[in-house]
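In case you want the letters, here they are:
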Amino acid sequence: MIPSYYEFFNPVKILCGRLAADNIPHELALMGVRRPLVVTDGPVVKAGLLDILVNAFSGAEAVIGGVFQDTPPDSSMDTVRRVAALYME
């Protein structure tokens, strides 16, 4: 049955370009985020892209609270549970 009323609001802000990652701590501060959890995969880490993000937090008020880097290509609920457990830590 289709509900008589449905609303979906999903604002998206895209940061792109040279040194865009450097703005991430500022953007998170605007949202009151102090300890973000980074969810990524092995190839991103091996490519050095996680290092770029970590370096962006150098001197920032926020600190990376945790990194989950075992995301498989086709994630399952097991992956979601593992990420949730890391978040709760």
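Residues numbered from 1 in each chain as written. Predicted model: local features only at pLDDT ≥ 70, side-chain atom pairs only at ≥ 80, totals over all residues. Heavy atoms only, no water.

So, the side chain of Thr 79
Counting through the fold element by element, Thr 79 comes out in helix 4 (residues 77-88). What Thr 79 contacts, discounting residues up to four positions off in sequence, is Phe 68 and Pro 72. (Helix = DSSP H or I, 4+ residues; strand = E, 2+ residues; numbered from the N terminus. Contact = heavy atoms within 4.5 Å.)

Brief notes about the side chain of Glu 27
When you line up the elements, Glu 27 lands in helix 1 (residues 24-30). Overall, Glu 27 belongs to the buried group, its relative accessible area being 18%. Apart from the residues lying within four places of it in its own chain, the contact partners of Glu 27 are Lys 13 and Leu 15. (Buried < 20%, exposed > 50% of the residue type's maximum accessible area, 1.4 Å probe, protein only.)

Focus on helix 3 (residues 49-56)
Among the residues of helix 3, Leu 50, Leu 53 and Ala 56 are the ones counted as buried. What you see down the axis of helix 3 is that its buried residues fit within an arc of 120°, all on one side. Where the residues of helix 3 are buried, they touch helix 1, strand 1 (37-39), helix 2 (42-46) and strand 2 (66-68). (Arc of directions from axis to C-beta.)

With respect to the pattern of salt bridges
The full count for this structure, using the stated rule, is two salt bridges. Across the salt bridge formed by Lys 13 and Glu 27, the nearest N and O atoms sit 2.9 Å from each other. Separated by 14 residues along the polypeptide, Lys 13 in the segment before helix 1 and Glu 27 in helix 1 bring together distant segments of the chain. Notably, a salt bridge pairs Arg 82 with Asp 70, separated by 3.6 Å at the nearest N-O pair. In this pair, Arg 82 sits in helix 4 while Asp 70 sits in the loop between strand 2 and helix 4, placing the two residues twelve residues apart along the sequence. Note on Asp 70: relative accessible area 47%, which makes it partly exposed. (Salt bridge = Lys/Arg side-chain N within 4 Å of Asp/Glu carboxyl O.)

Here's the deal with the environment of Asp 41
Note on placement: Asp 41 falls in the loop between strand 1 and helix 2. Each C-alpha atom, one on Asp 41 and one on Ala 85, is 17 Å from the other, the two residues being 44 residues apart in sequence. Setting aside chain neighbours within four positions, we find Asp 41 in contact with Gln 69 and Thr 71. For Asp 41, the side chain forms a polar contact with the main-chain nitrogen of Val 44, separated by 3.1 Å. (Polar contact = N/O pair within 3.5 Å; in protein donor to acceptor, adjacent residues only side chain to side chain.)

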